[in-house]
Amino acid sequence: QVQLVESGGGLVQAGGSLRLSCAASGRTFLIYTMVWFRQAPGKEREFVATIEWSGGSTFYADPMKGRSTISRDNAKNTVFLQMNSLKPEDTAVYYCAGSRAVLSTTSGDYNYWGQGTQVTVAS
């Protein structure tokens, strides 16, 4: 069993920055990859970024490239998402998730989910 808890969301103005955190506990050895997804009201959940625990390999969604960084602190079992140059369209609930599978952009490949943290970007 794995538990994930997100934090760091809030209200920021367009162009601002925010760092999200996702703390994992329980049987964390089961996790091979961690990922961030987001979901805006009335829209499908979409992939944001993913990272491999051990090697640190990363992959980003096109809208996030160049203005976001996913990282991890293995000793603290925590994954971070640093977002810069935020835009109103970044407004969504951000979720972190874990999987034993290789890096994936598909939400169905992840079995462990956090409750989400709200990110609101004002124009």
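Relevant structure appears above.
What you are looking at is a predicted structure, and each value in this text was computed from that prediction instead of being measured. (Residues numbered from 1 in each chain as written. Predicted model: local features only at pLDDT ≥ 70, side-chain atom pairs only at ≥ 80, totals over all residues. Heavy atoms only, no water.)

Student: Could you give an account of the overall build of the protein chain, with specific residues and numbers?
Tutor: Secondary structure summary: the protein chain contains 0 helices and 11 strands in total. Counting from the amino terminus, the protein chain carries its helices and strands in the arrangement β-β-β-β-β-β-β-β-β-β-β. Projecting the C-alpha coordinates of the protein chain onto the three principal axes gives extents of approximately 40 × 25 × 25 Å. Burial status across the protein chain gives 42% buried among its 123 residues. Across the protein chain, the fraction of contacts at a sequence separation of at least 24, relative to all contacts at a separation of at least 6, is 57%. Summed over all atoms, the accessible surface of the protein chain reaches about 6300 Å², with 46% contributed by carbon and sulfur. Placing the 11 positive and 9 negative side-chain charges of the protein chain at their respective mean positions leaves the two points 5 Å apart. (Helix = DSSP H or I, 4+ residues; strand = E, 2+ residues; numbered from the N terminus. Buried < 20%, exposed > 50% of the residue type's maximum accessible area, 1.4 Å probe, protein only. Contact = heavy atoms within 4.5 Å. Areas by Shrake-Rupley, 256 points an atom, 1.4 Å probe, with all protein chains shown as cover. Lys, Arg positive; Asp, Glu negative; His and termini not counted. Charge placed at Lys NZ, Arg CZ, Asp CG, Glu CD.)

Student: Explain the pairing of strand β8 (residues 78-83) to me, using residue names and the numbers behind them.
Tutor: For β8, the tally of buried residues reaches 5 of 6 residues, placing the bulk of the element in the interior. Summarising the sheet, strand β3 (residues 18-26) and β8 pair through 6 bridges and their orientation is antiparallel. Paired with arginine 19 across the two strands is glutamine 82, which belongs to β8. Taken together, the 6 bridges between strand β7 (residues 68-73) and β8 define a ladder with antiparallel strand orientation. (Pairing = 2+ DSSP bridges.)

Student: So what's going on with the environment of leucine 30? Which residues, and what values?
Tutor: Topologically, leucine 30 is positioned in the loop between β3 and β4 (33-39). Leucine 30 sits 21 residues away from glycine 9 along the chain, and the two C-alpha atoms are 26 Å apart. Contacts of leucine 30, omitting those with residues within four sequence positions, involve Gln1, Ser99, Arg100 and Tyr112.

Student: Lay out the sheet that holds strand β1 (residues 2-7) with the relevant residues and their values.
Tutor: Strand order in the open sheet made by the 4 strands is β1-β3-β8-β7, with antiparallel pairing throughout. Whereas interior strands pair on both sides, the edge strands pair on one side only; in this sheet they are β1 and β7. Sheet twist, expressed as the mean angle between neighbouring strand axes with direction ignored, is 15 degrees. (Axes fitted to C-alpha atoms, helices over the stretch in contact; angles between N-to-C directions.)

Student: Explain the state of the cysteines to me, and be specific about the residues and the numbers.
Tutor: Scanning the entire structure with this criterion turns up 1 disulfide. Disulfide pairing places cysteine 22 opposite cysteine 96 at an S-S distance of 1.9 Å. Residues cysteine 22 and cysteine 96 are joined by a disulfide whose S-S torsion is about 55 degrees; by sign, that bridge is right-handed. On the criterion of sequence distance, the pair formed by cysteine 22 in strand β3 and cysteine 96 in strand β9 (residues 92-99) is long-range, its members being 74 residues apart. Grouping residues by exposure puts cysteine 22 and cysteine 96 together as buried. (Disulfide = S-S within 2.5 Å.)

Student: Can you lay out the nonpolar core for me, pointing to particular residues and giving the numbers?
Tutor: Residues Met34, Trp36, Leu81 and Tyr94 are the most contacted members of the largest nonpolar core, which totals 33 residues. Every element with two or more residues in this core is listed here: β1, β3, β4, β5 (46-52), β8, β9 and β11 (117-122). (Core = buried A, V, L, I, M, F, W, Y, C linked by side-chain atoms within 4.5 Å.)

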